[in-house]
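So the chains spell out like this:
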Amino acid sequence: MKRFQILFILVFGLLSFTASAQYGGYNNGYGNGYGGGYGRGGGMGMDRSMMAGQQQSTPSKPKETPPEEIAAIIMDQMKPQVNLDELQAIAISNVLAESIREQGILLKNESSSQDQKIEQIKALKESTDKKISAFLNPDQIEKYKTFMDNFKDMKKSKSKSKKKKDKDSKEDAEQVKEAPDTKISE
């Protein structure tokens, strides 16, 4: 008989704990008290005080692509066009990654004006081109210059098409706003 009572109390306690967790836990769970029961905080019966360690309502920044990945993407395109061997590809990839890393640092520097940043990035590009040219033979240097010109054009066309898409989507949104209501009245 005692076993049955202990088992009954254990099952009852477990079920009441489960129901309490399911419906919010404290303050009767359905909205008594500050904030309401459903839809508080992060849901699942949690209110903001339970999420103290988590950041709230701060928009997350897009993850930055590591410089090594960007360099690898550029190298995938450059290697066949400039006829690089493996050793050259590795050395140039390292130079590109370092250049991209430094460029990111320059762009994030808030103490420099826009004009200073442009000058610093131009100097960095010239330095990078000299370092890369040191690994290339004369024929490859010409191919590298051609590749970089095409690469610049490709980047410009991507940014122009992106700007055009943004402009088109804004125009479409304005047209939707200006369109008359076409509701059918009964």
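So, here's what we can say about the structure. (Residues numbered from 1 in each chain as written. Predicted model: local features only at pLDDT ≥ 70, side-chain atom pairs only at ≥ 80, totals over all residues. Heavy atoms only, no water.)

### A word on the packing of helix H2 (residues 67-82) against helix H3 (residues 86-108)
The line we're drawing: Only C-alpha atoms enter the line fits that serve as axes; for helices the fit covers just the stretch in contact. Angles between N-to-C directions range over 0 to 180 degrees. Secondary structure elements follow DSSP: runs of H or I no shorter than four residues count as helices, runs of E no shorter than two count as strands, and numbering proceeds from the N terminus. Orientation is classified from the angle alone, with under 35 degrees giving roughly parallel, over 145 giving roughly antiparallel, 65 to 115 giving roughly perpendicular, and any other angle giving oblique. If you view the pair so one helix is near and one far, a crossing is left-handed when the near helix is turned anticlockwise from the far one by less than a right angle, and right-handed when it is turned clockwise. Whether two residues touch is decided by their heavy atoms; if any such pair falls within 4.5 Å, the residues are in contact. Note on residue categories: nonpolar means Ala, Val, Leu, Ile, Met, Phe, Trp, Tyr, Cys or Pro, charged means Asp, Glu, Lys or Arg, and polar means any other residue, Gly included.
Remark: H2 packs on H3, axes separated minimally by 8 Å, with the N-to-C direction vectors making an angle of 135°. Looking at the two axes, H2 sits oblique to H3. For the crossing formed where H2 meets H3, the hand is right-handed. Counted together, Pro67, Glu68, Ile70, Ala71, Ile74, Met75, Met78 and Lys79 of H2 and Glu86, Ala89, Ile92, Ser93, Leu96, Ala97, Ile100 and Arg101 of H3 form the full contact between these two elements. Among the residues making up the contact of H2 with H3, the classes are represented as eleven nonpolar, one polar and four charged.

### Some points on the packing of H3 against helix H4 (residues 114-133)
Relative orientation of the contacting elements H3 and H4 amounts to 175°, with a least axis distance of 10 Å. The angle between the axes of H3 and H4 places the two elements in the roughly antiparallel class. Taken together, the residues of H4 that come into contact with H3 (itself represented by Ile92, Val95, Leu96, Ser99, Glu102, Gln103, Leu106 and Leu107) are Lys117, Gln120, Ile121, Leu124, Thr128, Lys131 and Ile132. When grouped by side-chain class, the residues that make up the contact of H3 with H4 number eight nonpolar, four polar and three charged.

### With respect to the packing of aromatic side chains
Our working rule: Whether two aromatic rings pair depends on their centres lying within 6.5 Å, for rings of Phe, Tyr and Trp, where Trp uses its six-membered ring; planes under 30 degrees apart make the pair stacked, over 60 edge-to-face, and the rest tilted. Burial status follows relative accessibility: with a 1.4 Å probe on protein chains alone, a residue under 20% of its type maximum counts as buried, one over 50% as exposed, and anything between as partly exposed.
What the rule picks out here adds up to one aromatic pair. Between Phe147 and Phe151, the ring centres sit 5.7 Å apart and the planes meet at 25°, which makes this aromatic pair stacked. Taken together, the residues span about one helical turn, with Phe147 and Phe151 both in helix H5 (residues 138-178) at a distance of four residues. For the pair Phe147 and Phe151, a shared accessibility class is recorded, and that class is buried.

### Some remarks on the nonpolar core
The condition is simple: We call a set of buried Ala, Val, Leu, Ile, Met, Phe, Trp, Tyr and Cys residues a nonpolar core when their side-chain atoms join them within 4.5 Å.
Among the nonpolar cores identified, the biggest contains 18 residues, and Met78, Ile92 and Leu96 are the most heavily contacted of them. The set of elements that each furnish at least two residues to this core consists of H2, H3 and H5. Of the residues forming this core, the biggest block, six residues, is contributed by H3. Each residue touching Leu96, except ones within four places of it in the same chain, is listed here: Ala71, Ile74, Met75, Met78, Thr128 and Ile132.

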